[in-house]
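# Topology and contacts: notes
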Amino acid sequence: MHGLTKKEILRSFVNSSQSRIKTVAFPPSFDEAEWEELDFYGWVDPRSPQRAYLVTTHASGVIGIELRRANSEGARPRSAMCNLCHAVHRHGGTALFTARKAGASGKAGNSIGTYLCTDFCCSLYARGLKLLPDNQPEHALPTQTRIAQLCHRLDGFVARVLNR
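Parameters at a glance
- Residues numbered from 1 in each chain as written.
- Predicted model: local features only at pLDDT ≥ 70, side-chain atom pairs only at ≥ 80, totals over all residues.
- Heavy atoms only, no water.
- Core = buried A, V, L, I, M, F, W, Y, C linked by side-chain atoms within 4.5 Å.
- Buried < 20%, exposed > 50% of the residue type's maximum accessible area, 1.4 Å probe, protein only.
- Helix = DSSP H or I, 4+ residues; strand = E, 2+ residues; numbered from the N terminus.
- Contact = heavy atoms within 4.5 Å.
- Patch = residues over 30% accessible without salt bridge, like charges linked within 9 Å, V, L, I, M, F, W, Y side chains within 5 Å.
- Areas by Shrake-Rupley, 256 points an atom, 1.4 Å probe, with all protein chains shown as cover.
- Salt bridge = Lys/Arg side-chain N within 4 Å of Asp/Glu carboxyl O.
- Lys, Arg positive; Asp, Glu negative; His and termini not counted.
- Charge placed at Lys NZ, Arg CZ, Asp CG, Glu CD.
- Pairing = 2+ DSSP bridges.
- Axes fitted to C-alpha atoms, helices over the stretch in contact; angles between N-to-C directions.
- Expected span 1.5 Å × (residues − 1).
- Polar contact = N/O pair within 3.5 Å; in protein donor to acceptor, adjacent residues only side chain to side chain.

Right, let's get into the nonpolar core. If you look at the biggest cluster of nonpolar residues, it comprises 30 residues, and the most contacted ones within it are Phe40, Ile65, Leu67, Leu84, Cys85, Cys122 and Phe157. Contributions of two or more residues to this core are made by β2 (51-58), β3 (61-69), β6 (94-100), β7 (111-117), α4 (122-127) and α5 (143-161). Apart from the residues within four sequence positions on either side, phenylalanine 157 is in contact with Ile65, Leu67, Leu84, Ala99, Ile112 and Thr114. Residues Phe30, Trp35, Trp43 and Tyr53 belong to the second largest nonpolar core, which totals 14 residues.

There is a patch of like negative charges on the surface, built from Asp31, Glu32, Glu34 and Glu36. Mapped onto the fold, glutamate 36 is located in the loop between α2 (18-21) and β1 (41-44). Since its relative accessible area comes to 57%, glutamate 36 is described here as exposed.

Taken in spatial order, the 5 strands of this open sheet run β1-β2-β3-β6-β7, and their pairing is antiparallel. Edge positions in the open sheet fall to β1 and β7, since each of these has one partner strand only. Neighbour-to-neighbour, the strand axes of the sheet open up by a mean angle of 30 degrees, direction not taken into account. Contacts between α5 and the sheet are confined to β2, β3, β6 and β7, with β2 contributing the most and set at about 110 degrees to the helix.

Among the secondary structure elements, valine 88 is positioned in strand β5 (residues 88-89). Considering only alpha carbons, one finds valine 88 and asparagine 71, 17 residues apart in sequence, at a separation of 20 Å.

According to the stated counting rule, one finds 4 salt bridges in the structure shown. With a closest N to O distance of 3.3 Å, arginine 51 and glutamate 66 form a salt bridge. With arginine 51 in strand β2 and glutamate 66 in strand β3, the pair connects residues that are 15 residues apart, well separated along the chain. The burial state of arginine 51 is the same as that of glutamate 66; both residues are buried. With a shortest N-O distance of 3.2 Å, aspartate 119 and lysine 130 are connected by a salt bridge.

For α5, built from 19 residues, the straight-helix expectation of 27 Å at 1.5 Å per residue is met to within 8% by its first-to-last C-alpha distance of 27 Å. Residues of α5 that are buried include every one of Arg146, Ile147, Leu150, Arg153, Leu154, Phe157, Val158, Ala159 and Val161, and no others. Buried positions along α5 lie against β2, β3, β6, β7 and α4. Trailing α5 by a residue or two, asparagine 163 shows a phi angle of about 65 degrees, which is positive.

Turning our eyes to something else, we now look at the side chain of serine 16. Mapped onto the fold, serine 16 is located in the loop between α1 (6-12) and α2. Exposure remark for serine 16: the relative accessible area of 16% places this residue in the buried category. Within the structure, serine 16 has its side chain in polar contact with the side chain of glutamate 66 (distance 2.6 Å).

Here it is, written out as structure tokens:
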């Protein structure tokens, strides 16, 4: 992924209102992002931990998606697999995120949900640049295969948000 500016990211959101886009807070580490190692850039809003964002390049250009983290207060942390990178986090580290669909479908209240790594490091897990303890289901696959599968699943998620 090529480096993006904050302005480019803010213009890319497809499922959020202009008033909500104005309240987006970037993480302090934004300027340190290693863009060449990322298939998408994702983060939790530092001012609102239930809000998160995912930005990627897609066939139609740069796409930004606002996410909402499901409330898991009081729930016991459990093992779960990220639907993008297939990393398995033991005792937390994955959460259910929902994204309002783009366009009229989203304005009608339609959304989709998926389990994602809460640290949004899927690209690093796929490349073996960040490791998780324990056996990972896709770890035996070649790195390029893991990256290709991550990109395929990411494109599918974006397409579902875009209603395609």
